[in-house]
Structure formats: C-alpha cells, structure tokens
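Here is what each chain is made of, one letter per residue.
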Amino acid sequence: MISGRCAACKYLRRRCPSDCIFSPYFPPNDPHRFVSVHKIYGASNVGKMLQQLPPHARGQAADSLYFEAQCRIQDPVYGCVGIISQLHQQLHSAESQLAKTRAEIAVFSSPAQTPRQLQQIEPDSDCNDFLMEQFSNAAQFDASTQPFPTLM
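For the protein, the name recorded in an unreviewed UniProt entry is LOB domain-containing protein 24-like, with Tripterygium wilfordii as its organism. Regarding the protein, the relevant UniProt record gives this comment under Sequence similarities (unreviewed entry): "Belongs to the LOB domain-containing protein family."

The following block contains the structure:
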C-alpha cells in the first residue's frame, strides 16, 4: 500500500490530514529535507512558523529553513553565517587584489608619477613596496637607454 503521507507525517508516524501544513513543502519523496529541519528546529516550531506566514511566503520559508538546517548540521556554531563570512572575506581579498592591479596599471601607463605620488595612491605596504620597485626599475631603464637609436 502506497501511503499519501508527507515526509513530516511519515517521520512523526502520524496520519497526514488533507490540510497538513507540512505536505506542500516536505514531499514524501524527499524525507531527508524534513529530517534536517526537524533536527535543528523541531516539528512543532516549524509548523508554527509556517502557519504564521501567508501562504505565498511559506515555500521560500521552508527552503530557507532547510538551507539553514543543512548549514547548521555541517557547522553547528556558525551555520550559514560562516558561509557568508567566508564569502565576505573572499570578496574583500578580490577587491584588494583589484586595487593592487589597478595601481600597477597606473604605474606602467603613466611614467610621470613620482614615488611620493605612489605612496599617496596605495597605503598597503606590500603593494607599495612592489610599486616603488617597479617605478625605480622603470626610471633606471628610461635614464640608461634611449627608446630609439639616433641616425647620424
């Protein structure tokens, strides 16, 4: 006999009424979804949260609860906040790398800048050291060689 109970009612071993709050969001073919949410929040709390929401927002809420539950199971301390923090750090690192690359491009595209001007552009010491080295190498190159040989 195939049961028409949702994953929540199957897990809780109860009859699934026709107006079951869990049924649309925890289908019987995906029991792990409800188990994860139940493990973190409890069936009663999830039911109360879903009932307090308007019907059009319940699907997104169930998806959010499932996502947060999965994150909490993987990382009990931080949950999805840990993922957000990691992404924020990656974004900061990428922005920093972009600023360094833009500073390098500025050095190579306008040789009229002085080392003092470079210090005002980028206060980061690692980038500044690199740029100062590049600037001094470019200045030595320009002073020691002529770009075109003279014909006489």
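Phi at Arg-13 takes a positive value of approximately 55°, unusual for a residue other than glycine. The residue Arg-13 is located in the loop between α1 (7-12) and α2 (31-41) in this model.

On to the side chain of Arg-58. Along the chain, the position of Arg-58 falls in helix α4 (residues 55-74). Despite its burial, Arg-58 pairs with no opposite charge; the closest candidate is Asp-19, at 9.4 Å N-O. A distance of 3.5 Å separates a polar atom in the side chain of Arg-58 from the backbone oxygen of Gln-51. Within the structure, Arg-58 has its side chain in polar contact with the backbone oxygen of Leu-53 (distance 3.1 Å).

Attention now moves to the packing of α2 against helix α3 (residues 43-52). Running from N to C, α2 and α3 cross one another at 100°; their axes reach a closest spacing of 7 Å. Here α3 runs roughly perpendicular to α2, going by the angle between their axes. Between α2, through Phe-34, Val-37, His-38 and Tyr-41, and α3, the contact on the second element is made entirely by Ala-43, Asn-45, Val-46 and Met-49. When its residues are assigned to classes, the contact of α2 with α3 shows six nonpolar, two polar and no charged.

To continue, consider the nonpolar core. In terms of nonpolar packing, the biggest core is built from 19 residues, with Cys-6, Phe-22, Phe-26, Phe-34, Val-46 and Leu-50 touching the most fellow members. Elements with a contribution of two residues or more to this core: α1, α2, α3 and α4. For this core, the element with the highest residue contribution is α4, accounting for four residues. Those residues within four positions of Cys-6 in sequence are excluded, and the remaining contacts are Cys-16, Cys-20, Phe-22, Ser-23, Phe-26 and Pro-28.

Moving on: the pattern of salt bridges. Counted according to the given criterion, the structure contains two salt bridges. Of the charged contacts in the structure, one is a salt bridge between Asp-63 and Arg-33, with a shortest N-O distance of 2.6 Å. Placement of the pair is Asp-63 in helix α4 and Arg-33 in helix α2, with a sequence separation of 30 residues. Its salt-bridge partner being Glu-68, residue Arg-72 comes within 2.9 Å of it at the nearest N-O pair. Pair noted here: Arg-72 and Glu-68 are both in helix α4, with a separation of four residues, about one helical turn.

Definitions and cut-offs
Every chain is numbered on its own, with residues counted from 1 as its sequence reads. Local features in this predicted model are restricted to residues of pLDDT 70 or higher, and side-chain atom pairs are both shown and tallied only at a pLDDT of 80 or more, whereas totals for entire chains, interfaces and linings draw on every residue. Side-chain calculation: all heavy atoms of the structure are included, whereas hydrogens and water are not. UniProt positions are given in the numbering used here, feature names are shortened, and annotations may be inferred rather than shown by experiment. A run of DSSP states H or I qualifies as a helix once it reaches four residues; a run of E qualifies as a strand once it reaches two. Both are numbered from the N-terminal end. The buried label goes to any residue with under 20% of its type's maximum accessible area, the exposed label to any with over 50%, and the partly exposed label to all in between, with areas taken from a 1.4 Å probe on protein chains only. Positive charge is attributed to Lys and Arg, negative charge to Asp and Glu, and no charge count is given to His or to the chain ends. We define a salt bridge as a side-chain nitrogen of Lys or Arg found within 4 Å of a carboxyl oxygen belonging to Asp or Glu. N or O atoms closer than or at 3.5 Å make up a polar contact, with two conditions inside protein: a donor-capable atom paired with an acceptor-capable one, and, for residues adjacent in sequence, both atoms drawn from side chains. What counts as an axis is a line fitted to C-alpha atoms, over the stretch in contact for a helix, and the angles between N-to-C directions run from 0 to 180 degrees. Just so you know how the angles are binned, under 35 degrees is roughly parallel, over 145 roughly antiparallel, 65 to 115 roughly perpendicular, and the rest oblique. By the convention used here, residues are in contact when the closest approach between their heavy atoms is within 4.5 Å. Polar here means any residue other than Ala, Val, Leu, Ile, Met, Phe, Trp, Tyr, Cys and Pro, which are nonpolar, and Asp, Glu, Lys and Arg, which are charged; Gly is therefore polar. Only buried residues count toward a nonpolar core. Its members are Ala, Val, Leu, Ile, Met, Phe, Trp, Tyr and Cys residues joined through side-chain atoms within 4.5 Å.

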